[in-house]
Amino acid sequence: MIFYAGGMPITVLLVDDEPLVRAGLRAVLEAQPDIEVVGEAADGAAVVPLVRSLRPDVVAMDVRMPLLDGIEATRAVLRAVDGPPKILVITTFENDEYVYDALRAGADGFLLKRARPAEIVHAVRLVAEGESLLFPAAVRSMAAEYGNARARAAMERAALTEREADVLRLMARGMSNAEIAAELIVGAETVKSHVSAVLAKLGARDRTQAVIAAYESGFVSPG
């Protein structure tokens, strides 16, 4: 389980235009001792002021909403809020291009509305921790399809070392720092340093952005 400094739980803001979806997510999450739902919103337009006032650790946000969708809401949060929360996008279909666009905009993970309660809880904890990815096969394929010369050139300019390249490949497989450390037989702090170097060289905000760059450039493939 993940508890923050002082034994504080993971705080979550729910954003979905369907009241039943919000009620279901709240029931699942609040059954956990380490998770607290601190607020709800029915549209992306309300996200920025709520994030500023509630300071949640994670925003669980639908990608399709009537006034402001999850893509634009994600951009708005990252643009307007210092120290923004992690953003977990929620959708009905895993091959929804809206999900991919939201991840490119800066969202940190992905969750299907039909996910089982244990999967929902795991997703919130994983995104809050920030050391692993929720990046399904369908989204990886979309990233590869969006590949372009600019992405390839940016990857070449990054000039990753051999070990940094290994770390990025394992990140693209969704591995956490601890799992990467075990795979490469190195310390967790060493992996953390390599991850930071990869993000800096790629100009990526977080692991999700780095992995998108890896797929779009062809550095890694969906297979």
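For the structure itself, look to the data block above.
The sections below set out a description of the structure shown in this document. (Residues numbered from 1 in each chain as written. Predicted model: local features only at pLDDT ≥ 70, side-chain atom pairs only at ≥ 80, totals over all residues. Heavy atoms only, no water.)

Some points on the overall build of the protein chain
When helices and strands are counted, the protein chain shows 11 helices and 5 strands. A total of 223 residues make up the protein chain; the buried ones form 51% of that total. (Helix = DSSP H or I, 4+ residues; strand = E, 2+ residues; numbered from the N terminus. Buried < 20%, exposed > 50% of the residue type's maximum accessible area, 1.4 Å probe, protein only.)

Things to note about the nonpolar core
Ranked by internal contacts, the top residues of the largest apolar core, which has 26 residues, are Val15, Met61 and Val89. In terms of residues, this core owes the most to one element, helix H4 (residues 97-105), which gives 5 residues. With sequence-adjacent residues up to four places away left out, Met61 is seen in contact with Val15, Val47, Gly70, Ala73, Thr74, Ile87, Leu88, Val89 and Ile90. (Core = buried A, V, L, I, M, F, W, Y, C linked by side-chain atoms within 4.5 Å. Contact = heavy atoms within 4.5 Å.)

Focus on the sheet that holds strand S1 (residues 10-15)
Strand order in this open sheet of 5 strands is S2-S1-S3-S4-S5, and the pairing throughout is parallel. Strand pairing shows two members of the sheet lacking a second neighbour, strand S2 (35-41) and strand S5 (109-112), which therefore form its edges. Averaged over neighbouring strand pairs, the angle between their axes works out to 25° when direction is ignored. Relative to S5, strand S4 (residues 86-91) is paired through 4 bridges, and the arrangement is parallel. Residue pairing in the sheet places Thr91 in a bridge with Leu112 of S5. (Pairing = 2+ DSSP bridges. Axes fitted to C-alpha atoms, helices over the stretch in contact; angles between N-to-C directions.)

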